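Spelled out, the chains give:
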Protein chains: 4
Amino acid sequence: MRFFSDNAAAACPEAMAAIVEANRLDTAYDGDAHSVRLNEAFSQVFETEVQALWLTTGTAANSLALAELCPPHGSIICHRDAHIQNDECGAPEFFTHGAKLLLAEGEGAKLTPASVDALLATVRKDVHQVQPHALSITNATEYGLVYSPQEVAALGRLAKERGLGFHMDGARFANAVARIGCSPADLTWRAGVDALSFGFVKNGGLSAEALIFFGEADVAATLYRRKRAGQLASKGRYLAAQILAMLKDDVWLRNARAANDAAARLAAAAGGRLVYPAEANEVFLKVSEAEAAALRAQSFDFYDWGPGEARLVTAWDSDQAHVEALAAAIGSL
Amino acid sequence: MRFFSDNAAAACPEAMAAIVEANRLDTAYDGDAHSVRLNEAFSQVFETEVQALWLTTGTAANSLALAELCPPHGSIICHRDAHIQNDECGAPEFFTHGAKLLLAEGEGAKLTPASVDALLATVRKDVHQVQPHALSITNATEYGLVYSPQEVAALGRLAKERGLGFHMDGARFANAVARIGCSPADLTWRAGVDALSFGFVKNGGLSAEALIFFGEADVAATLYRRKRAGQLASKGRYLAAQILAMLKDDVWLRNARAANDAAARLAAAAGGRLVYPAEANEVFLKVSEAEAAALRAQSFDFYDWGPGEARLVTAWDSDQAHVEALAAAIGSL
Amino acid sequence: MRFFSDNAAAACPEAMAAIVEANRLDTAYDGDAHSVRLNEAFSQVFETEVQALWLTTGTAANSLALAELCPPHGSIICHRDAHIQNDECGAPEFFTHGAKLLLAEGEGAKLTPASVDALLATVRKDVHQVQPHALSITNATEYGLVYSPQEVAALGRLAKERGLGFHMDGARFANAVARIGCSPADLTWRAGVDALSFGFVKNGGLSAEALIFFGEADVAATLYRRKRAGQLASKGRYLAAQILAMLKDDVWLRNARAANDAAARLAAAAGGRLVYPAEANEVFLKVSEAEAAALRAQSFDFYDWGPGEARLVTAWDSDQAHVEALAAAIGSL
Amino acid sequence: MRFFSDNAAAACPEAMAAIVEANRLDTAYDGDAHSVRLNEAFSQVFETEVQALWLTTGTAANSLALAELCPPHGSIICHRDAHIQNDECGAPEFFTHGAKLLLAEGEGAKLTPASVDALLATVRKDVHQVQPHALSITNATEYGLVYSPQEVAALGRLAKERGLGFHMDGARFANAVARIGCSPADLTWRAGVDALSFGFVKNGGLSAEALIFFGEADVAATLYRRKRAGQLASKGRYLAAQILAMLKDDVWLRNARAANDAAARLAAAAGGRLVYPAEANEVFLKVSEAEAAALRAQSFDFYDWGPGEARLVTAWDSDQAHVEALAAAIGSL
């Protein structure tokens, strides 16, 4: 009974069917019948004209966004616990050619204007210091919290004031939107976001992620960078097809809701053990070593997350019975 | 009737079935049941212990190989018409952090010890010049020629003498092996090759390529570079599964033979129009603009390849009737 | 009366005379009569065979050292207040092609085995995280403290145990050696240091810094990197000459002692206002805004260093009368 | 009797005197009394407002110019024999983060609109190929030829038409200006040049080179790149002082004329042995091995330059007697 990562989940039927359906002769790279529809499909989702690129990983999406927003001699403000800082093996540094990540504080991996301001105040405005060029947040965060449109907008205003590009790592963007029930537009460009890594793989995709640029963005350089990074798949139609299938009829939201609901079920059972409110599909639990062992002895698979804490991740396809069993097991600790 | 790229081909049934079969909960990244079998599967193919990594593009495979073989301050010798020079938007420079490509001459994009020696002779051995660290050849070449094991071995000896790592871009490695009918070992490590980009996508794969290191290679750095390049797919099982399915029962060779046969059929019809012998799945044809237009008027789709030349590419699934029709059309020019 | 930086000091007479003396036809780059003597001269200073390169800035020396010790996908442990982190505009990231700096804690910019261990404990040993490859300390530190040979050796042992290269930023190495009165060997290679940025410019040099590699180091790659970074001056003899002149008769130590003595004089006057013991040529003072203004009104020039603190830096040529005047002024606050 | 490089020459008295004169307490980096006058001094030379930076090497000047004009995913057109291609150990690739150099043909290392056009015609305008962003020429060229203002302007027009930034490597710019007798403006911005590496070291400087940006250039990024490359010398006043001294009273032109005159004397003696007209301070000579040996036996020091050719370089301080002796020796071959 696996609760260690939504990356372990299967691909959803719609995505798989789309891939099978796309399995015929078509043009290479991103000129195929599916890829050319991406911009339009995402523009509908976001109620504005956007530029969308498929990519093979979220790491690539994040890094290409940051490379667009920050020069090699600049820095990117993110949370100390951000995925781009801790879990991408320096991909942002690789794609940006050596930009620095400046680490801000905040509960549950959430930044606030105050925490960003505090960090900015430490930077001297001279040529000896790397100057901030971008701000990156993760929504939902690495600890399963969700930024509201208002919270994003407050950061967006600060970013604009300080001349920072604004990136959102949305590996679990679907879970955030599902939680809030808002328009995807409210959580992104209307709140000042310039670029969004829109995650599909954790949410039932098979192999495709998307990078969305809002506004008058010129994506020409990003297209070259994508090719140059070995991210321009030669049979891109399979990537585009699964994304289109998951956008259609809001499959992406349905999947995210299922994952969120499963997490909510676990969180309800966890009660006072919760480290953070479970606002998306991750539940962080205070458990002793013995308790963690006890859960594992009952065949529940999950990650320890620092001493005395465990991380449980649900997915679009979390087995209802497994969830109930785990909820019960947590309740019985 | 498309003859413009093997990238336009569909995925073969075995690859697609493997992906569908792999569509269940498993561990993320490359720890899954399929990925952990890659080394063994390729070691059987190559009759020696190898280290194998899946990747999402051939460009990434080539570039990661070169990053292992050449430091940022070094250079890589390749043919003037090499894919790594002309068709990867500077990916080798990106992954190697700025190594130079030194361009050697040779008929049909084929290098010889003499052409490599001639290039090496132009390099001063001082700190003001970038020093060669690697040699990269493409087999089958960008013009559809095939290096024999003897030809590779001659280059391999030169590489070892001159302290150069030896890389083979095998985007169409299957076509080369199928053509020669030799052991894959003869064409690679037994001939001195250190690293092979083993192509699957052009040969009926859906989205997976492989990078093979022979000998006592330490792939640790490459594993970090793969992650850092956003190439460590979070659901890697779909990549591994299709590769394993194509290795099984030599599907990769069967596919390549089909493509080669189709090209041979076209070449036979082309006669004196052939620019190069068609040894793999590409046919380069001398045609006037009017002749090219005439072929296109009959619904044949292909690339012009410089003035007065056209490139026809066949694939594992080239339609027999289309091939015959094109052969006939060429004959009637 | 300037106390804001030892970079503001003049060049010492020996350095200047050496430059004037070197002003004749000689071979270019580093083949001249002076440059070829560097290895030997430094080997005498360090009582072991070393490899020495001149460079035009300390930033270049630090960054080339780090590029040798850390791959692009690795990280370098340094203090949160290290010069390489805060004052070199990302040069380490540039020269290493994007390695990360991991920031450890410690009083007065001084690392301890415990603080390094604590940082190392936060790094997961998997491919998703950048792995530490090097440790860098500054001696004397950015806050004017001096590591003893024992303290360096304790870090050196830790570095070796953990497989980390060990770099010392010795922009004020002379001040540290002068303070301790030890052999330069004790503070470096005998304590496990692999590479030393040996500063001359702050200590009375005009334009030359040195990078020293101890042990069996192969500096070939560094020589290429130096050229590639535009650091191989075409008339290198002027760089080598001033270094040799400052090594001769221990001018470097004499200069450093003068600077240290001036700082000690100020520190004695500062008494309880000292933020840190003044062990080298920097004095950090607690002063109110009004007090700082009062000092400035008396023509003393210095930097504020965070709220309520001022930094006073002495140099080899600090004017004795200015020092006494400042000491008196501090005493009268 | 050395004729192998103008880098071997001494510093001229004016440069040395300026360094000695500048040897007093001043502000660090480029805030000193000399550095702040650079823009104005060069603006007078060029009869327009320019932005000027000192640097420690011509390689750094060239590379920083190219980093400003070309993104990492772009390419720079230069001559096959350009210094940036052959003699800087990949510095342009390092500073640009991996841009490619595209190599054009032309007699005597001189580009023409036709040769640039021919190269541009080989580049496909798609995302798979690196796209040209800059054009770089060397004046005087690596073979001692000089571009006239008209020739530069023709290339400048082409550059503008094709959207290319235009860089001039002026390591021997003084020799070119001295040869033509034109205004420096005519040879640069009036002819469309965006950035000029203005060489001083080969022309009697000690350690300073200059990078000049014309027009409305924003040099902010270049200032950060300079620091990041370890090129912001902490005692920059010695660099600025020597440049100012050489600009004053046209010392730079006087020095260049002396070097050109010495070369002209040698060229006159060489007659039919000349490989190229000696338009600056380099003379390329057809000589057999035996003849070269004969010259060396008479204590003349110079480089072979390919089989059957020798390179003789004169300098501002070429000894008149040595020049006459060499001229006589050449005449007697």
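Within each chain, residues carry numbers counting from 1 in the order of the written sequence. As a convention, the first chain written is A and the first ligand written is 1, with the rest following in written order. pLDDT decides what is reported in this predicted model: residues at 70 or higher carry local features, side-chain atom pairs at 80 or more are listed and counted, and totals for whole chains, interfaces and linings draw on all residues regardless. The basis for every side-chain value is the complete set of non-hydrogen atoms in the structure, without hydrogens or water.

### Some points on the interface of chain B and chain A
Then, number 1: Should any heavy atoms of two residues lie within 4.5 Å, those residues are considered in contact. Listed by partner, the interface residues are 47 residues for chain B and 47 residues for chain A.
Then, number 2: Simply put, the buried area is the total loss of 1.4 Å probe accessible area from both parts when two parts are fitted together. Taking both sides of the interface into account, the surface hidden between chain B and chain A amounts to around 3,900 Å²; carbon and sulfur atoms contribute 58%.
Then, number 3: Considering only the side of chain B, the residues that lose the most area to chain A are Phe94, Arg228 and Lys235 of chain B, jointly responsible for 19% of the buried surface there.
Then, number 4: Should a side-chain nitrogen of Lys or Arg be within 4 Å of a carboxyl oxygen of Asp or Glu, the pair is scored as a salt bridge. Between the two partners, chain B and chain A, sit two salt bridges.
Then, number 5: Between Asp26 of chain A and Arg2 of chain B there is a salt bridge, with its nearest N and O atoms 3.7 Å apart.
Then, number 6: Counted as a polar contact is a pair of N or O atoms within 3.5 Å, where, for protein atoms, one must be capable of donating a hydrogen and the other of accepting one, and residues adjacent in sequence contribute only when both atoms are in side chains. On the surface where chain B and chain A come into contact, there are 34 residue pairs in polar contact (both at pLDDT 80 or more).
Then, number 7: At the level of elements, helix H1 (13–21), helix H3 (58–69), helix H5 (91–96), helix H9 (220–228) and helix H10 (237–247) of chain B are the ones that each hand at least two residues to the side of chain B that touches chain A.
Then, number 8: When residues in the side of chain B that touches chain A are grouped by element, the largest group, four residues, is from H5 of chain B. In this text, helices come from DSSP runs of H or I with a minimum length of four residues, and strands from runs of E with a minimum of two, each type numbered from the N-terminal end.

### Quick notes on the packing of helix H11 (residues 251–270) of chain D against helix H13 (residues 320–331) of chain D
Residues and elements named next belong to chain D.
Then, number 1: Across the interface, H11 lies against H13 with an axial gap of 8 Å and an inter-helix angle of 15°. In terms of their interaxial angle, H11 and H13 are classed as roughly parallel. Considering the relative orientation of H11 and H13, their crossing is right-handed. Where H11 approaches H13, its residues Ala262, Arg265, Leu266, Ala269 and Ala270 are matched on the opposing element by Val323, Glu324, Leu326, Ala327, Ile330 and Gly331. Angular values range over 0 to 180 degrees, each being the angle between N-to-C directions of two axes fitted as lines to C-alpha atoms, with helices fitted over their stretch in contact. An angle counts as roughly parallel when it lies under 35 degrees, as roughly antiparallel when it exceeds 145, as roughly perpendicular when it falls between 65 and 115, and as oblique in every other case. Crossings are classed by handedness, with left-handed meaning an anticlockwise turn of the near helix from the far one by less than a right angle and right-handed meaning a clockwise turn.

### Regarding the pairing of strand E1 (residues 51–55) of chain D
Residues and elements named next belong to chain D.
Then, number 1: Counting buried positions along E1 yields four of five residues, so the element is predominantly enclosed.
Then, number 2: Bridge analysis of E1 against strand E7 (residues 209–213) gives five bridges, and the strand direction is antiparallel. Bridging across to E7, Trp54 finds its partner in Ala210. Think of it in three bands: with a 1.4 Å probe and only protein chains considered, a residue is buried below 20% of the maximum accessible area for its type, exposed above 50%, and partly exposed in between. Each pair of strands is called paired provided DSSP finds at least two bridges between the two strands.

### Focus on the interface of chain D and chain B
Then, number 1: Tallying the contact residues gives 16 residues for chain D and 16 residues for chain B.
Then, number 2: Ranking the residues of chain D by area buried against chain B places Cys89, Glu93 and Lys100 of chain D at the top, with a combined share of 35%.
Then, number 3: Here chain D and chain B share 12 residue pairs in polar contact (both at pLDDT 80 or more) between them.
Then, number 4: If you list the elements that add at least two residues to the side of chain D that touches chain B, you get helix H4 (83–86) and strand E3 (100–104) of chain D.
Then, number 5: Examining the composition of the side of chain D that touches chain B, we find that three residues originate from one element, H4 of chain D, more than from any other.
Then, number 6: We call Asp, Glu, Lys and Arg charged. Ala, Val, Leu, Ile, Met, Phe, Trp, Tyr, Cys and Pro are nonpolar, and the rest, Gly among them, are polar. Here the residues of the side of chain D that touches chain B are counted per class, giving five nonpolar, six polar and five charged.

### Focus on the domain arrangement of chain A
All names here are of chain A.
Then, number 1: In terms of domains, chain A is made up of domain 1 (11–250) and domain 2 (251–331).
Then, number 2: Using C-alpha coordinates to define each centre, domain 1 is positioned 26 Å away from domain 2.
Then, number 3: With 32 residues of domain 1 in contact, the opposing surface of domain 2 contributes 21 residues.
Then, number 4: The junction of domain 1 with domain 2 conceals about 2,200 Å² of combined surface from both sides, 56% of it contributed by carbon and sulfur atoms.
Then, number 5: Where domain 1 meets domain 2, there are two salt bridges.
Then, number 6: The shortest N-O distance in the salt bridge between Arg254 and Glu14 comes to 2.7 Å.
Then, number 7: At the level of secondary structure, the elements contributing two or more residues to the side of domain 1 that touches domain 2 comprise helix H1 (13–21), helix H8 (173–180) and helix H10 (237–247).
Then, number 8: At six residues, H8 tops the list of elements feeding residues into the side of domain 1 that touches domain 2.
Then, number 9: Its residues assigned to classes, the side of domain 1 that touches domain 2 comprises 18 nonpolar, six polar and eight charged. Here the limits of each domain have been adopted from an automatic or database domain assignment.

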